[in-house]
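Below are the chains, spelled out letter by letter.
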Amino acid sequence: MLIVGQGLAGSVLAWQLLRRGVSFTVVDRGGVDPSGAPCASQVAAGLVTPVTGKRLTLDPRWSTLRTSSADLYRYAEERLQAELFVEKPSLRVLQSAAEQEQLRKRRDASDYALQAQPADPLELPGMLRTEFGAFWMPEAARLDVRRFVQLTREWLADAALLRTATLTPNGIEADAGGVRADSLGFRTGLVVFCQGAVPASELPPDCPPVSADKGELLEIDAPELEIDCVVHRGVWVAPQSSQKPSRYLVGSTFTWGKQDFEPTAEARESILSRLSELTTAKATVVEHAAAARPSTSTRVPWAAFSESQPRVGWFNGLGSKGVLWAPWCAARLADQCSRVSG
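Scoring rules and cut-offs
Residues numbered from 1 in each chain as written. Predicted model: local features only at pLDDT ≥ 70, side-chain atom pairs only at ≥ 80, totals over all residues. Heavy atoms only, no water. 1 Å grid on protein atoms, 1.4 Å probe; cavity = no way out; pocket = protein on both sides within 12 Å on 5 of 7 lines; lining within 4 Å. Points joined across faces, edges and corners; volume = space filled by probe spheres on them. Nonpolar A, V, L, I, M, F, W, Y, C, P; charged D, E, K, R; others polar. Core = buried A, V, L, I, M, F, W, Y, C linked by side-chain atoms within 4.5 Å. Buried < 20%, exposed > 50% of the residue type's maximum accessible area, 1.4 Å probe, protein only. Helix = DSSP H or I, 4+ residues; strand = E, 2+ residues; numbered from the N terminus. Contact = heavy atoms within 4.5 Å. Axes fitted to C-alpha atoms, helices over the stretch in contact; angles between N-to-C directions. Parallel < 35°, antiparallel > 145°, perpendicular 65-115°, else oblique. Left-handed = near helix turned anticlockwise from the far one by under 90°. Pairing = 2+ DSSP bridges.

Observations regarding empty space enclosed by the protein
Where empty space is left can be seen by rolling a probe of water-molecule size over the atoms. One pass over the structure, following the stated rule, counts one cavity of 30 Å³ or more. Approximately 50 Å³ is the volume attributed to the largest cavity. Around the largest cavity, the lining residues are L203, C207, P208, V210, W302, W314 and N316. Here the lining of the largest cavity is built from residues that sort into six nonpolar, one polar and no charged.

A word on the nonpolar core
Among the nonpolar cores identified, the biggest contains 58 residues, and L13, Y73, F148 and F315 are the most heavily contacted of them. Looking at this core, the elements with two or more residues in it are α1 (8–19), α2 (62–80), β9 (134–137), β10 (141–143), α5 (145–158) and α7 (322–341). The element best represented in this core is α7, accounting for nine residues. Other than its neighbours up to four places away in sequence, F148 contacts L8, S11, V12, W15, Y73, A76, L84 and L143. Core analysis: the second largest hydrophobic core is formed by 21 residues, A134, I227, V237 and V250 among them.

Topic: the packing of α1 against α2
The axes of two packed helices give the description: the angle between them and the distance between them. With their axes 10 Å apart at the nearest point, α1 and α2 run at an angle of 80° to one another. What the angle tells us is that α1 and α2 run roughly perpendicular. In this structure, α1 contributes L8, V12, W15, Q16, L18 and R19 to the contact, and α2 contributes D71, L72, Y73, Y75, A76, R79 and L80. Looking at side-chain class alone, the contact of α1 with α2 contains nine nonpolar, one polar and three charged residues.

Quick look at the side chain of S90
Assignment of secondary structure puts S90 in strand β7 (residues 90–93). A residue is classified by how much of its surface remains accessible, and S90, at 2% relative accessible area, is buried. If we skip the residues at most four places from it in the chain, S90 touches F135, W136, M137, A140, V230 and H232.

Section: the packing of α1 against α5
Their axes nearest at 10 Å, the elements α1 and α5 cross at an angle of 50°. One finds that α1 runs oblique with respect to α5. You can see that α1 and α5 cross each other, and the crossing is left-handed. Counted together, L8, S11, V12, W15 and L18 of α1 and F148, V149, T152 and W155 of α5 form the full contact between these two elements. A class-by-class count of the residues in the contact of α1 with α5 yields seven nonpolar, two polar and no charged.

Re the sheet that holds strand β6 (residues 85–87)
If you walk across this open sheet you meet the three strands as β3-β10-β6, and the pairing is antiparallel. Where the open sheet ends on each side, the last strands, each with one partner, are β3 (47–48) and β6. As paired elements, β6 and β10 share three bridges and run antiparallel to each other. Within β10, the residue paired with E87 across the bridge is A141. Sheet contacts for α2: β3, β6 and β10; angle to β6, the most-contacted strand, approximately 130°.

Remarks on the sheet that holds strand β11 (residues 162–164)
Across the sheet, six strands lie side by side as β11-β2-β1-β15-β23-β22; this open sheet has mixed pairing. Each edge of the open sheet carries a strand with a single partner, namely β11 and β22 (302–305). Each neighbouring strand pair of the sheet contributes to a mean axis angle of 20°, computed without reference to strand direction. The sheet contact formed by β22 and strand β23 (residues 312–316) spans four bridges and is antiparallel. Paired with A304 across the bridge in β23 is W314. Most of the contacts of α1 go to strand β1 (residues 2–4), to which it runs at about 160°, and overall it touches β1, β2 (25–28), β15 (191–193) and β23.

See the structure below:
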């Protein structure tokens, strides 16, 4: 079968197929979306966070998604011989008395209490503004997305499972017997497109639209900050590697719908303003990046085969929680591929 696209979605699907013994080839254009903008995988922070949003919500599927994520990324780590998925508690700093009350009410549920454990004020970094308190999220984690995708690409190339080419849904012919891609001289049983947002004209009628939403983030240098975990409060702040102890990623912005993907002064100032509400530490911007983040209107990824074209599948719309969602979605899709291939 063919996997078209080798960002986070395509890479995760490849590992899930490999586990099931399904033969495949990956076709990838090389790190950009159809408009030429950087793919989300190139700038993603890779955060896996249980309690999210202004309402401090816990997804009821958290436990299932989290287990599936750790299982897949550990499998890939073993074969790539690299540490990519770091399981480490992250800190959520409360912004108001209303959030304090929201947390108090939600912690009455036992599953929520496990994911949001009050932090001792004495253990909080001194450069953080924590007047309303904070809580730890013990099951938080982080994937080095860029390195995961790059090492997967190298592994696929070494195994002769990767072709560098451009293939769109309009470039295939599908029938009951399989799929033909004449531009590649390739015929296969199945194809799954993992390319990010594409024009609606290239989608079968039963596929939901996927929009390319603009996201921007900063890399900063902040020697005074001295935190060694991901911290959330209006923005998230994620330490870079131990080789860069004063460097942090900070983000992010979200702009719905198709946009340009050039970094903007407005986004930079918005992120820095929210950062100043989190910490008194001084920060210098080192890098400012923007990318296309494919999302569905429901914020739930779409991974399925088309009813109108049963040999053609789509894995897309991972959005801002792609690292958490991708392994579970890819497992369901890979199971279908395995049954057809078997």
